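Notes for the structure review
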Amino acid sequence: MAELHSHDRPLARSLDPLPGESLGGYLLRLAHRLRLSPIRLARLTGCIRPSTTQLGRRLLLDLDTRTFARTARLSEEEATALTLVPWSDRYPPIARLRPGSGPQVSRDDWLFNDAPRYCPRCLEGDGTAIQQQHGGPWKKAWHLPVAFACPVHQVFLQDDCPQSHWINRAVTLLVGQPADATLHPAQCRHPVQRAGPGRKGPSCGTRLDQLRNTSSARPSMNMLRTQQRLLDFLEPHQAAADAASGFTDLRVVTAVLCASWPLGRDHIEPDSQDLVGKHIKALGGGTRPVRDRPPNDPVAAAGLLTAAVRLLDEPDLHELVDHARAARPGSASRAPWVHVFERHQSSCSDRLRQAMAPLTRTYRRTGPRGARIPERQGGYRPEHIPAFLEEHWYQEHLAPLQIEAEMKSVRRLAAVLLVQQASGRAQGDAADFLGINPSGGQFAATGTLLRWLRGGQDAFNAALRDLAEELDRATDPTNYQRRREVLRSWSLSSEIWNEIITRLPPVPGPVRPNLDDRVRQEAAAFVWAYVTCGEPLFAPRHVEAEQPPDVRQVWQQRRANTWFQLSRPDALNHYTALRGLLCQHGDALIGKIESGTSTPIR
């Protein structure tokens, strides 16, 4: 019972924390100075209850810093700095696992490494008397999976002791063998061998600060720059919100790289490629494959995280989007990375959300039943896209791909994809927005186009990106959605139709062209398509709807021939003249719609 309240008294002697030092490292150094075991010191300083026999990593999240500061003769700020708490607004996994930070999560693979990482030369110390006696710092950043190298000494971090001894990976300890008071802070605390059920053998004792990296692998300058950049995110001079979104973006892109492997192999530096491949293979094993776990090996982590940063640094994220699509061709919304994005998108950067959301079937909402919020900000909007891609857009950007036989399918699909990119809608919802999906699936690529896309997807994506960038630069884009809405209930009245046909030139010979209500209906569909830049197939058919079923069936059978005559470039004089008059009427309608007139559209 003597120890029950021993943490009420300050220690007789203490130590100043070293820059970047973790609570575990500080306990090791102070215990070494006081010639105590780490577990005894932890009890004396109120870190744990007297009955506790292990020092878990949870202390980095929920240490009683006030008590610890008083007993260890530190300021509360110094005590808190030994934990991960100051980074909770910068590194999202910390906040998710902290008590009182919302819904509790029992585990996050991006919070702690499975095995200790360290730099031997950092543990060796800086040569000062105090560090010669008790060693250098075990840094708290080394607990995080995003720490893989030491920028100061330009080496990969080591991951555990080089000696071969049994390690229980399930034990998440801050300090191993905490009852052992004989070890230097830099000595390995893993048991040499398993001593039987419930027992452990003596500590390994290997001096980790005296190791020298005998491997030929060393971090490249790109890896070291990436490591320094990630460590800088944890520093106060960086905006916390930018740091949090930066780490979350890294997490999502890492999942994309793993899901699309081996597409990204060339982005991985040669010394890391095999280790990254091994990591990804392990992720796909078992009955529940995962894609949201960082590598245990520091060299693999260096390769994968550096590649992810490289993709994020691209100004337009085009290559990242290509990787995301490749993760599940034809159904990107079901790709393994999507659940990672959906789980963490609230803390992603706006830039990444805008790039990735169109590939998923998730929507952001203003409330439980609120309207969908477009993910894309700036540039063109969904209403600026016609249901049938403008002819000159197609000729400039997509016709060079030489898929002429599929022009109609390409123009439909391109319009749907542009709306999807601007709004975050799924493709079917984007097609509904354009009014080209009344029966479902009418926007989908034909079998011929799908076969072409298997080899030409990259070229198609590049062409669509170029078109999107052109639309972004437009200063006065057309609102095609407004035109579609205004003409939703419009039809070509008998009065206007008679005015038009009386202006047609006479047709020589005894045969007179048919200009009845059936032709009036197809003329109305032609005008609607001209004004909205759509297809006559999807035009409102109010005249036809008034006819008996048998008449409607006959009209449908003759529909295609009338469209052909009106649209063919070498049309007969009669149809050429009629087309010109219908276009004139369409131009008049456009003028009224664009002027915002309240006069009924006729």
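Residues numbered from 1 in each chain as written. Predicted model: local features only at pLDDT ≥ 70, side-chain atom pairs only at ≥ 80, totals over all residues. Heavy atoms only, no water.

This part is about the overall build of the protein chain. On a plain count of helices and strands, the protein chain comes out with 25 helices and eight strands. Burial statistics for the protein chain: of 602 residues in total, 51% are counted as buried. At a minimum sequence separation of 6, the contacts of the protein chain that also span at least 24 residues come to 66%. With an accessible surface of roughly 29,000 Å², the protein chain has 49% of that area assigned to carbon and sulfur atoms. (Helix = DSSP H or I, 4+ residues; strand = E, 2+ residues; numbered from the N terminus. Buried < 20%, exposed > 50% of the residue type's maximum accessible area, 1.4 Å probe, protein only. Contact = heavy atoms within 4.5 Å. Areas by Shrake-Rupley, 256 points an atom, 1.4 Å probe, with all protein chains shown as cover.)

All right, on to the side chain of Thr45 then. In this fold, Thr45 is placed in the loop between α2 (38–44) and β1 (55–56). A distance of 3.3 Å separates the side chain of Thr45 from the backbone oxygen of Ala42, its partner in a polar contact. (Polar contact = N/O pair within 3.5 Å; in protein donor to acceptor, adjacent residues only side chain to side chain.)

Taken together, the buried positions of helix α18 (residues 427–434) are Ala430, Ala431, Phe433 and Leu434. Within α18, the buried residues cover an arc of 155 degrees as seen down the axis, which keeps them to one side. In the segment just after α18, Gly435 is the residue with positive phi, at about 80 degrees. (Arc of directions from axis to C-beta.)

Time to look at helix α21 (residues 494–501). When α21 is considered as a whole, its buried residues turn out to be Ile496, Trp497, Ile500 and Ile501. For α21, the arc enclosing every buried residue in end-on projection is 130 degrees, short of the 170-degree limit, so these residues lie on one face. In this fold, the buried residues of α21 make contact with α22 (517–532) and α25 (573–595).

Let us now look at the packing of aromatic side chains. Evaluated as defined, the whole model comprises six aromatic pairs. Ring centres 4.9 Å apart and planes at 80 degrees place the aromatic pair Tyr91 and Phe247 in the edge-to-face group. With Tyr91 in the loop between α5 (76–81) and α6 (92–97) and Phe247 in helix α10 (residues 240–259), the pair connects residues that are 156 residues apart, well separated along the chain. With a relative accessible area of 1%, Tyr91 lands in the buried category. For Phe247, a relative accessible area of 4% gives the class buried. On the numbers, 5.3 Å between centres and 70 degrees between planes, the contact of Phe233 with Phe247 is edge-to-face. Here Phe247 lies in helix α10 and Phe233 lies in the loop between α9 (221–232) and α10, a separation of 14 residues in the sequence. Note on accessibility: Phe233 and Phe247 belong to one class, buried. Directly above the aromatic system of Trp87 lies the positively charged group of Lys140, at a separation of 4.4 Å from the ring centroid. (Phe/Tyr/Trp six-rings, centres within 6.5 Å; stacked < 30°, edge-to-face > 60°. Lys NZ or Arg CZ within 6 Å of the ring centre and 35° of its normal.)

The analysis is restricted to geometry; functional conclusions fall outside its scope.
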